[in-house]
Amino acid sequence: MTQNSGRRRYLYLAASFVFRIAVVAILLGGGGWALLAHPKTPVPSHWNPLRDLSVKAPVTPVTKYQLNRALADEMQCRSALSDAGARFEAMDDLVVDQNCGITVRGLLSQLVTSRIDAVETSCKTTLRLAMWEHHVVQPAARDFLGTGVEKLRHAGSYNCRRMRTAQGQSSRWSSHATADSIDIVGVELADGRALSLLSDWSSAGPEAAFLRQIGQGACDWFRVVLGPEYNRLHADHFHLQGPGWGFCR
Ligand SMILES: [Zn+2]
């Protein structure tokens, strides 16, 4: 166990203790609600379901609940991103037709720590991506590669098209048609190296372990994640998709 993960484990245990106290307080009734709602509540925000999501706060069992609230609320989504230092310049919704368009649209160019080439996408996709970058990609880069990720390389988010399958084009519309997904092809590291799924996925070194870790970890923040193990269409990218039924390959 590394020192970092030992510390994380300790923080997790300490925080879960506080959380249990909060749950007991809730079960006790109105007093518990008052405890959580009080402006000077001793319950930390990331353990408090009444508080808004903070992207950079440690992940707790309350985080998913806070995230879902932020995904459903334009103001919360945009402010969670700006509080985290992300750059997601607001744009008017893109209205094309019933199948294509972007609601709560913006131009994304910076996540929490890493940059990304400017891409038009939705606030939901951006918020999920920011959670992934901060809680999965950067820790994995430190653990496996001893450095940070400076840039995520993408291959687009919005694309008004139908789904592509290994058997050809499907009649169903792609989640890209509503910018509910983004394709990530690799990363640039702070030490100057560039990794891509195409050339590093099957390598023997820690680079492949890093890529597998961030692919797996993406399933914590996106409901559908497809990568090189899924089919040849995904040999060179992770397809990260917000809505769906929980499919992680
Ligand atoms: Zn895709």
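Whatever comes next refers back to the structure up there.
Being a predicted model, the structure only gives us computed values, none of them experimental.

## Remarks on the overall build of the protein
Okay, so step 1: Looking only at helices and strands, one finds seven helices and 13 strands in the protein.
Okay, so step 2: Among the 249 residues that make up the protein, the fraction classed as buried is 45%.
Okay, so step 3: Looking at the protein alone, contacts between residues at least 24 apart form 51% of all its contacts between residues at least 6 apart.
Okay, so step 4: Here the protein has roughly 13,000 Å² of accessible surface; of this, 54% comes from carbon and sulfur atoms.

## Points about the packing of helix H4 (residues 74–83) against helix H5 (residues 123–145)
Okay, so step 1: Direction vectors running N to C along H4 and H5 enclose 40°, while the axes themselves pass 10 Å from each other. Viewed along their axes, H4 and H5 adopt a mutual orientation that is oblique. H4 and H5 meet at a crossing whose hand is left-handed. For the pair formed by H4 and H5, the contact residues are Cys77, Arg78, Ala80 and Leu81 on the first element and Cys123, Lys124, Thr126, Leu127 and Ala130 on the second.

## A word on the coordination of the zinc ion
Okay, so step 1: Looking at the zinc ion, the protein donor atoms are His176 (NE2), Asp183 (OD) and His239 (ND1), and they sit 2.0 Å from it.
Okay, so step 2: On the primary sequence, the residues serving as donors to the zinc ion are separated as H-x6-D-x55-H.
Okay, so step 3: Judged by its relative accessible area of 2%, His176 is buried.
Okay, so step 4: The buried category is assigned to Asp183, whose relative accessible area is 8%.

## Quick notes on the layout of surface pockets
Okay, so step 1: If you add up the space inside the second largest pocket, you get close to 680 Å³.
Okay, so step 2: Lining the second largest pocket are 27 residues, with Met163, Ser175, Leu226, His239 and Gln241 positioned closest to its centre.
Okay, so step 3: When contributions to the lining of the second largest pocket are tallied by element, the ones reaching two or more residues are strand E7 (162–165), strand E8 (168–173), strand E11 (224–226) and strand E12 (238–241).
Okay, so step 4: Ranked by residue count, the leading element in the lining of the second largest pocket is E7, at three residues.
Okay, so step 5: Among the residues forming the lining of the second largest pocket, the class breakdown is 10 nonpolar, 12 polar and five charged.

## Side note on the packing of aromatic side chains
Two measures describe an aromatic ring pair: the distance that separates the ring centres and the angle between the ring planes.
Okay, so step 1: One pass over the full model with this rule turns up two aromatic pairs.
Okay, so step 2: For the ring pair Tyr230 and Phe247, a centre distance of 5.7 Å and an interplane angle of 80° mean the geometry is edge-to-face. Residue Tyr230 is found in the loop between E11 and E12, and its partner Phe247 is found in strand E13 (residues 247–248); the two are separated by 17 residues along the sequence.
Okay, so step 3: What makes Phe247 partly exposed here is its relative accessible area of 35%.
Okay, so step 4: The ring of Trp221 has Lys64 sitting right over it, with the charged end atom 5.2 Å from the ring centre.

## Some thoughts on H5
Okay, so step 1: Roughly 40° is the biggest bend found in H5, and it falls at Glu133.
Okay, so step 2: Within two residues after H5, Gly146 carries a phi angle of roughly 65°, on the positive side.

## Notes on the pattern of salt bridges
Proximity of charged atoms lets side chains of opposite charge pair with each other.
Okay, so step 1: Enumeration according to the criterion identifies seven salt bridges in this entry.
Okay, so step 2: A salt bridge links Glu120 to Arg105; the shortest N-O distance between them is 3.0 Å. Here Glu120 is found in strand E5 (residues 115–122), whereas its partner Arg105 is found in strand E4 (residues 105–110), with 15 residues between them in sequence.
Okay, so step 3: Look at Glu120 and you get partly exposed, because its relative accessible area is 30%.

## Comments concerning H4
Quick reminder: α-helices carry 3.6 residues per turn. Residues three or four places apart thus point the same way.
Okay, so step 1: All buried positions along H4 are accounted for by Gln76, Cys77, Arg78, Ala80 and Leu81.
Okay, so step 2: The opening residue of H4, the one whose side-chain oxygen lies 2.9 Å from the backbone nitrogen of Met75, is Asp73.
Okay, so step 3: Among the residues trailing H4, Gly85 stands out with phi positive, at a value near 90°.

## Focus: the state of the cysteines
Okay, so step 1: Per the counting criterion, the structure on display carries three disulfides.
Okay, so step 2: Linked covalently through their sulfurs, Cys77 and Cys123 form a disulfide whose S-S length is 2.2 Å. Residues Cys77 and Cys123 share a disulfide whose torsion about the S-S bond is about -110°; that sign makes it left-handed. Highlighted residues: Cys77 in helix H4 and Cys123 in helix H5, separated in sequence by 46 residues. Residues Cys77 and Cys123 agree in their burial class; the two are buried.
Okay, so step 3: The disulfide partner of Cys219 is Cys248, and the S-S distance across this bridge is 1.6 Å. Across the disulfide from Cys219 to Cys248, rotation about the S-S bond amounts to roughly 50°, and the bridge is consequently right-handed. Taken as a pair, Cys219 in the loop between helix H7 (206–218) and E11 and Cys248 in strand E13 lie far apart in primary sequence, 29 residues in all.
Okay, so step 4: For Cys219, a relative accessible area of 23% corresponds to the partly exposed category.

Conventions and cut-offs
Residues numbered from 1 in each chain as written. Predicted model: local features only at pLDDT ≥ 70, side-chain atom pairs only at ≥ 80, totals over all residues. Heavy atoms only, no water. Helix = DSSP H or I, 4+ residues; strand = E, 2+ residues; numbered from the N terminus. Buried < 20%, exposed > 50% of the residue type's maximum accessible area, 1.4 Å probe, protein only. Contact = heavy atoms within 4.5 Å. Areas by Shrake-Rupley, 256 points an atom, 1.4 Å probe, with all protein chains shown as cover. Axes fitted to C-alpha atoms, helices over the stretch in contact; angles between N-to-C directions. Parallel < 35°, antiparallel > 145°, perpendicular 65-115°, else oblique. Left-handed = near helix turned anticlockwise from the far one by under 90°. Donors = N, O, S within 2.8 Å, 3.2 Å for Na, K, Ca; no water. 1 Å grid on protein atoms, 1.4 Å probe; cavity = no way out; pocket = protein on both sides within 12 Å on 5 of 7 lines; lining within 4 Å. Points joined across faces, edges and corners; volume = space filled by probe spheres on them. Nonpolar A, V, L, I, M, F, W, Y, C, P; charged D, E, K, R; others polar. Phe/Tyr/Trp six-rings, centres within 6.5 Å; stacked < 30°, edge-to-face > 60°. Lys NZ or Arg CZ within 6 Å of the ring centre and 35° of its normal. Bend = angle between axes of the 7 residues up to and from the residue. Salt bridge = Lys/Arg side-chain N within 4 Å of Asp/Glu carboxyl O. Polar contact = N/O pair within 3.5 Å; in protein donor to acceptor, adjacent residues only side chain to side chain. Disulfide = S-S within 2.5 Å.

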